[in-house]
Amino acid sequence: MAPGPEATVDARVRLSGPATWLLHHKLACSATLARLGSERISTLLVMLTIGIALVLPGLLYVAVERLAEVTERWDGTPRINVFLTGEGGAERALSWGAMADVADVVYQSPEASLEELLAATGFGGAGFGAAMEGVLAGFEGNPLPAVAIVTPTPAAAAPARIRALAAQLQAEPGVEGVQVDLEWLQRLKAGLALMERLTWGLGMLLAAAVVLVVGSLTRMAVTQREDEIRVLKLVGGSDGFVLRPFLYLGLIFGFAGGLAAVLLLALALAFIGVPVAELARSYGSDFRLGGMPWAVALVLLGGGGLLGWLAAMLTARRQLAAIEP
Amino acid sequence: MIELIGVSKRFENGREALSNLSLSLPKGSLTFLTGHSGAGKSTLLKLLLRMELPTRGQVMVGGANLAQMPRRAVPRYRQRIGVVFQDHMLLPDRSVFDNVAIPLVIGGYREADRARRVRAALTRVGLLDKEKQLPTQLSAGEQQRVGIARAVVNRPAVLLADEPTGNLDPELSREVMGLFHLFQQVGVTVLIATHDLELVGSFGDRVVELADGRLKAAEASDGPGS
């Protein structure tokens, strides 16, 4: 190396390796921020583009998560309703409690069933009671059967074993029918699994779109500043030194896009939250989309930044290595 | 300081820009490199800046063999070489101060020291009062002087210049050449490629003339005049 006057510089003048590295990062970051600040409109447009791409999977994810939460809370072990005929149903039903897979049996008389029906349909009130009684008068006595509500043990909650238990109960004397409310739950869970897959698939597609957008923006920025890169390399700028501003460009675009996505998600949740709650209430559910989940917000911010950085890295590094002074 | 031993450079299109060139420039010397365009001046400078590698031969600068220098060591090598271009190659969107400070930023100088050195270099070229201006606000001669300030701001051991007076009138050219002599006097090895033979002759420094990639004449003169 040239033993020039600067070959042996002391630490009072020059920074250590890591401190130089930090200085370069600081300067690259502030230079990129200043550049973006001078092109506010186009920066805002890029930010929105990325935000829109990221908010869709974010919103789907929140909806699926909340639905899954509700179905989880909705007691995973389904009950078996056994409809009984004939006399002595209560005793027979309670004897099933001794079966290996049965945790609990509740006997519900026809009268209790009627009361429950009235309460559930809202006809229990004073005025409507009379109307309902009118309807029921059309039947000979109480039209509702006696029901035994059988709860399987948690160990027997697997669909196959529940079906086996249902078949076994069906074979019992005095049993008119067996109803397992298993299927709709299974359908809901299968639907949720599908939604989850779609969310991930869509998420990956749109993440790829973000990488492509930031990648092409980075490519344009490098092309625009080819002369500058040549000068910097000629006066001793390393590949890392000339690359750094472009990495910050990608990182800032991605992070700002993530920020836009978080804001859009908050807006969307507020916008559709009320109608969703209303729809759920009409189905007798207390389901709510709720507010912004912070984990999702963090993933959008961090993921956006990471994607932008990655995109800039993938495009700019090879492009810059090819620019030789 | 600079030593070329049997250097040949053949480009991919088959043109031989330098053939079997040997040259030695001692430390603290100032040398003019002349010749018609296409004689190999630019190629020689490119070899010294490690923009090109020789096809054959050795290029030694300050004891380092450029032909064997790994790619990742090149930036650090270039930090020790000052270089002045014909079209000065300043960054148009940065102030004069920031342009001159680039080598110091790359080299990791402390901020206070950066400011001190940039102002010292700008004082040397007489442009201290223009530090806040953009290069486009300056005249051609001033821009070239900013380029020179950038080249010498981290006190390199070697200063290379490629047609530094190409765009300047005779008076400004003499002024710029005066600056180069100033740096030579403090021990910098200076190599100036130029086709301005009249200007070269007026200084009496060593002149190396290239023709078809070969040494045509290397004459040492011992004083100004002629």
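Parameters and conventions
- Residues numbered from 1 in each chain as written.
- Chains lettered and ligands numbered in written order.
- Predicted model: local features only at pLDDT ≥ 70, side-chain atom pairs only at ≥ 80, totals over all residues.
- Helix = DSSP H or I, 4+ residues; strand = E, 2+ residues; numbered from the N terminus.
- Rg over C-alpha atoms; globule rule 2.2 N^0.38 Å.
- Buried ≥ 20, exposed ≤ 12 C-beta atoms within 10 Å, placed from the backbone.
- Contact = placed C-beta atoms within 7 Å.
- Axes fitted to C-alpha atoms, helices over the stretch in contact; angles between N-to-C directions.
- Parallel < 35°, antiparallel > 145°, perpendicular 65-115°, else oblique.
- Left-handed = near helix turned anticlockwise from the far one by under 90°.
- Nonpolar A, V, L, I, M, F, W, Y, C, P; charged D, E, K, R; others polar.
- Domains from an automatic or database assignment.
- Pairing = 2+ DSSP bridges.

> Let's hear about the overall build of chain B: which residues, and what values?
Helix and strand counts for chain B come out as seven helices and 10 strands. Its C-alpha atoms give chain B a radius of gyration of 17 Å, within 12% of the compact-globule value 17 Å for 226 residues. A principal-axis box enclosing the C-alpha atoms of chain B has dimensions of 45 × 45 × 30 Å. Within the span of chain B, comprising 226 residues, buried residues form 46% of the whole.

> Explain the overall build of chain A to me, using residue names and the numbers behind them.
On a plain count of helices and strands, chain A comes out with 10 helices and four strands. Listing every helix and strand of chain A by position from the N terminus yields α-α-β-α-β-α-α-β-α-β-α-α-α-α. A total of 325 residues make up chain A; the buried ones form 26% of that total. Of all intrachain contacts in chain A linking residues separated by at least 6 positions in sequence, the fraction that spans at least 24 positions is 85%.

> Any details on the packing of helix α3 (residues 96–107) of chain B against helix α4 (residues 111–124) of chain B? Residues and values, ideally.
All names here are of chain B. Two elements in contact, α3 and α4, have axes whose closest approach is 9 Å; the angle formed by their N-to-C orientations is 125 degrees. Taken together, the axes of α3 and α4 lie oblique to each other. Crossing of α3 against α4: the hand is right-handed. On α4, the residues that touch Phe97, Val100, Ala101, Leu104 and Val105 of α3 are Arg114, Arg117, Val118, Ala121 and Leu122. When grouped by side-chain class, the residues that make up the contact of α3 with α4 number eight nonpolar, no polar and two charged.

> Any details on the interface of chain B and chain A? Residues and values, ideally.
Contacts between the two partners involve 28 residues from chain B and, on the opposite side, 24 residues from chain A. Of all the secondary-structure elements, those providing two or more residues to the side of chain B that touches chain A are α2 (74–78) and α3 of chain B. In terms of residue count, α3 of chain B provides more of the side of chain B that touches chain A than any other element does, five residues in total. Its residues assigned to classes, the side of chain B that touches chain A comprises 17 nonpolar, five polar and six charged.

> An account of the environment of leucine 251 of chain A is needed here, citing residue identities and associated values.
Residue and element names in this part refer to chain A. Relative to the helices and strands, leucine 251 resides in helix α9 (residues 239–282). Classification of leucine 251 as buried rests on a count of 23 C-beta atoms within 10 Å. Separated by 60 residues in the primary sequence, leucine 251 and alanine 311 place their C-alpha atoms 8.8 Å from one another. Once residues lying within four places of it in the same chain are set aside, the contact partners of leucine 251 are Gly305, Gly308 and Trp309.

> Can you break down the domain arrangement of chain B residue by residue, with the values?
Residues and elements named next belong to chain B. Segmentation of chain B into domains returns domain 1 (1–80 + 156–226) and domain 2 (91–154). With centres defined by C-alpha atoms, the gap from domain 1 to domain 2 works out at 24 Å. The partner domain 2 presents 11 residues to the 10 residues of domain 1 that form the contact. Looking at the side of domain 1 that touches domain 2, the element that brings in the most residues is helix α6 (residues 170–185), giving four residues. The residue inventory of the side of domain 1 that touches domain 2, partitioned by class, reads eight nonpolar, two polar and no charged.

> Talk me through unusual backbone geometry; I want residue IDs and the actual numbers.
Backbone phi values are negative for most residues with the exception of glycine, while trans is the configuration of most peptide bonds. All names here are of chain B. A positive phi is found at histidine 88, a non-glycine position, where the angle reads about 45 degrees. Considering the arrangement of structural elements, one finds histidine 88 in the loop between β6 (81–84) and α3. A positive phi angle, near 45 degrees, is found at arginine 155, a position not held by glycine. In this structure, arginine 155 sits in the loop between α5 (140–152) and β7 (158–162). The class for arginine 155 is buried, based on 20 C-beta atoms found within 10 Å.

> Can you explain the domain arrangement of chain A? Please cite residues and give values.
Domain parsing of chain A yields domain 1 (23–73 + 187–322) and domain 2 (80–180). For domain 1 of chain A versus domain 2 of chain A, the separation of C-alpha centres amounts to 53 Å.

> Would you mind going over the pairing of strand β1 (residues 80–84) of chain A in detail, with residue names and values included?
Residues and elements named next belong to chain A. A one-sided burial pattern is seen for β1, the buried positions being Ile80, Val82 and Leu84 and the unburied ones Asn81 and Phe83. The sheet contact formed by β1 and strand β3 (residues 146–152) spans five bridges and is antiparallel. Residue pairing across strands places isoleucine 80 opposite valine 150, the latter belonging to β3. Bridge count for β1 against strand β4 (residues 175–180) is five bridges, and the pairing is antiparallel. Residue pairing for β4: valine 82 is matched across the bridge by valine 178.

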